[in-house]
Amino acid sequence: MATSSLRRLSSQINRIPSLSPFTKSILTRSSATASAKVSDRIVKLSAIDPDGQKREIVGLSGHTLLKALTNNGLIDPASHRLEEIEACSAECEVSIAQEWLEKLPPRSYDEEYVLKRNSRARVLNKHSRLGCQVVLTKDLQGMVVAVPEPKPWDIP
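Residues numbered from 1 in each chain as written. Predicted model: local features only at pLDDT ≥ 70, side-chain atom pairs only at ≥ 80, totals over all residues. Heavy atoms only, no water.

## Considering the pairing of strand β3 (residues 93–96)
The criterion, for reference: Pairing between strands is defined by DSSP: at least two bridges between the two strands are required. Secondary structure elements are taken from DSSP: a helix is a run of H or I of four residues or more, a strand is a run of E of two residues or more, and numbering for both begins at the N terminus.
Pairing of β3 with strand β4 (residues 128–130) involves three bridges; the strand directions are antiparallel. Note on β4: the bridge partner recorded for Val94 is Arg129. By the bridge criterion, two bridges tie β3 to strand β5 (residues 144–146) in an arrangement that is antiparallel. Each bridged residue has a counterpart across the sheet, and for Ser95 the counterpart in β5 is Ala146.

## Examining the pattern of salt bridges
Let me state the cut-off plainly: By salt bridge we mean one thing: a side-chain nitrogen of Lys or Arg within 4 Å of a carboxyl oxygen of Asp or Glu. The classification of residues rests on relative accessible area computed with a 1.4 Å probe and restricted to protein chains. Under 20% of the type maximum is buried, over 50% is exposed, and intermediate values are partly exposed.
Summed over the entire model, instances satisfying the criterion amount to three salt bridges. Between Arg107 and Glu112 there is a salt bridge whose closest N-O contact spans 3.9 Å. With a shortest N-O distance of 2.9 Å, Glu111 and Arg129 are connected by a salt bridge. Highlighted residues: Glu111 in helix α6 (residues 109–118) and Arg129 in strand β4, separated in sequence by 18 residues. Residue class for Glu111 comes out buried when judged on its relative accessible area of 1%.

Interpretation note: all reported values are geometric properties and have no functional meaning in isolation.
Below, the structure is given as C-alpha cells:
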C-alpha cells in the first residue's frame, strides 16, 4: 500500500513542469528506492575521459549523471559542491553523444543560462549538458558522454 502511494506521488511530481530535473529526482528518489532493488536501478554508461579513453561507468536510476561521474572518478567532487542549478558553475558540463540527445528531456531555461554564461565563445553547443541536471533512467542504458578537461577558475 505504501509503495503504491509513493508511486502515485512520484507520477504527480513528474507532471509539475516548473520543477528542475534534479528537484524531481530528489523528490521521487524515496519511491524509487522503496520499489526497486539496487541491482534493478543500475544504469551502465560509457564515458570518454579528457585523455580520450573510453571508460565504462555505473550509475543508479534516479541519481544524476554528475553523481555517477564523481563516483567513478571522472569529475572532482570538490569542484561541484552543490547540485542545485542556482549555485552551478558549469564544472559538471559534459557532451552527450548525438544519438542520446533526443532521449533526454530538453534543457531548462536555467541550465541553458548557466551553460551560456560559462561558455567562453558564448555559443551554446547542442551536445552540452550539465551533469547535475541529467537524471539517469533505464532508458539511458549505454549512453555515451564525453567529459572535458576541468575548467580553470576565473580569477579576477
